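Notes for the structure review
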Amino acid sequence: AAPARCHPTAPASSCCAWQLHQDHLELRYGSTVMRLDFVWLRDHCRSASCYNAKTNQRSLDTASVDLAIRPQAVRVDETTLFLTWPDGHVTRYGLEWLARNSYEGQKQQVMHPRILWNAEIYRQAQVPSIDCRSFLETNEGLKEFLQNFLLYGIAFVENVTPTKEDTKILAERISIIRETIYGRMWYFTSDFSRGDTAYTKLALDRHTDTTYFQEPCGIQVFHCLKHEGTGGRTLLVDGFHAAERVLRQAPEHFELLAKVPLKHEYVENVGGCHNHMIGVGPVLNVYPWNNELYLIRYNNYDRAVINTVPHDVVRRWYHAHRALTAELRRPDNELWVKLKPGKALFVDNWRVLHGREAFTGYRQLCGCYLTRDDVLNTARLLGLQA
């Protein structure tokens, strides 16, 4: 193997230095030490022949890159890395770009900035609801709503006309509606018209929806159109806040919940509705490079038989699940909200668990699921990090 060579680009006070190894370049820029594989450096070239800046798509055929490639020459100035390859092709990288896009840079960054909350934190934040007209007619109102939603996982719109049609217009302002086995827009009453506890007057413990989908629905919209009776408050719990507490107190529990795959199942034979859905995944889903939590799949009603976990792991999994459940059920984590006609609630179903207390009388909700990709797309186009 060729010996490593150190090349400071300037006197010792400089923030940048590089070292050439057999198969990668080690580059220090500021406080970030990057280890950049030569194939990676060739593959990500942003020259006109390798990358189409108009479409933001790679033109280079990755499979054509020699896996043993090494640069013939390397040069670094205060802002840019220059690499000359054996065929004479020159690649240029801005050092800031590399610091952001290297593995080491990404490991230090958060994909989705959030504010974790319990009931007191959320109340003290005094997060404003957005007026329906501002939400529908101005980018400022829409951006404020989406910023609240991204940070807290819930957001409210006030003064919505209490009809299914107006709720649909609201939802389509930020996303395509995701059609599921429940249709696009749905009415929600206690008539047991579907094979689900939600279609009763019973209390519902905290849970996330559609855990039995391979990709659980990203966002849920609730709008109470009518309630002639008592009870029925909505329960909201920040699942990420609870998971963060488990991570701090018992990291081995967090790790197990993030690794062990489970099945969730929905079996329905009611009226003309016949469905058998199965979704597979761990309770906690994290990005592997920075351990950032991005999805919680928690629903004790729909969890199927645990047959994906060997006997020497299953008891430890139950201990981990109990630790997370205890956090989710802490009274100080419970935010109770009375949904009323005109007040629409958007819930991040990948983060915030919801439930309800039992109720009396006639209660009708409408709502829908939204495609997560489209909501995040709308947020990014307004300049938000999502």
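Residues numbered from 1 in each chain as written. Predicted model: local features only at pLDDT ≥ 70, side-chain atom pairs only at ≥ 80, totals over all residues. Heavy atoms only, no water.

1. Quick notes on the pattern of salt bridges
- For the coordinates displayed, the defined rule picks out 18 salt bridges.
- A salt bridge links aspartate 348 to arginine 372; the nearest nitrogen and oxygen atoms lie 2.9 Å apart. One end of the pair, aspartate 348, is in strand β22 (residues 344-348); the other, arginine 372, is in helix α11 (residues 372-381), and 24 residues separate them in sequence.
- Take aspartate 348: its relative accessible area is 7%, and that puts it in the buried class.
- Through salt bridges with shared partners, a single ionic network connects Asp205, Arg206, Arg329 and Glu334. (Salt bridge = Lys/Arg side-chain N within 4 Å of Asp/Glu carboxyl O. Helix = DSSP H or I, 4+ residues; strand = E, 2+ residues; numbered from the N terminus. Buried < 20%, exposed > 50% of the residue type's maximum accessible area, 1.4 Å probe, protein only.)

2. What to know about the domain arrangement of the chain
- The assigned domain composition of the chain is domain 1 (17-108) and domain 2 (119-382).
- Measuring from the centre of the C-alpha atoms in domain 1 to the corresponding centre in domain 2 gives 41 Å. (Domains from an automatic or database assignment.)

3. Considerations on the sheet that holds strand β7 (residues 73-76)
- As summarised here, the arrangement of the three strands in space is β7-β8-β9, forming an open sheet in which the pairing is antiparallel. On the outer flanks of this sheet lie β7 and β9 (90-94), each paired with one strand and no other. Ignoring which end each strand starts from, the neighbouring axes of this sheet average 15° apart.
- By the bridge criterion, five bridges tie strand β8 (residues 80-84) to β9 in an arrangement that is antiparallel. Directly across from threonine 84, in β9, lies its bridge partner valine 90. (Pairing = 2+ DSSP bridges. Axes fitted to C-alpha atoms, helices over the stretch in contact; angles between N-to-C directions.)

4. Brief notes about the packing of aromatic side chains
- Taken as a whole and assessed by the stated rule, the structure comprises 18 aromatic pairs.
- With 5.4 Å between their ring centres and 50° between their planes, tryptophan 117 and tyrosine 122 make a pair best called tilted. As far as burial versus exposure is concerned, tryptophan 117 and tyrosine 122 are alike and both buried.
- Grouping aromatic residues by their ring pairs yields a cluster made of Phe135, Phe145, Phe149 and Phe346.
- A cation sits over an aromatic face here: arginine 75 above phenylalanine 82, 4.0 Å from the ring centre. (Phe/Tyr/Trp six-rings, centres within 6.5 Å; stacked < 30°, edge-to-face > 60°. Lys NZ or Arg CZ within 6 Å of the ring centre and 35° of its normal.)

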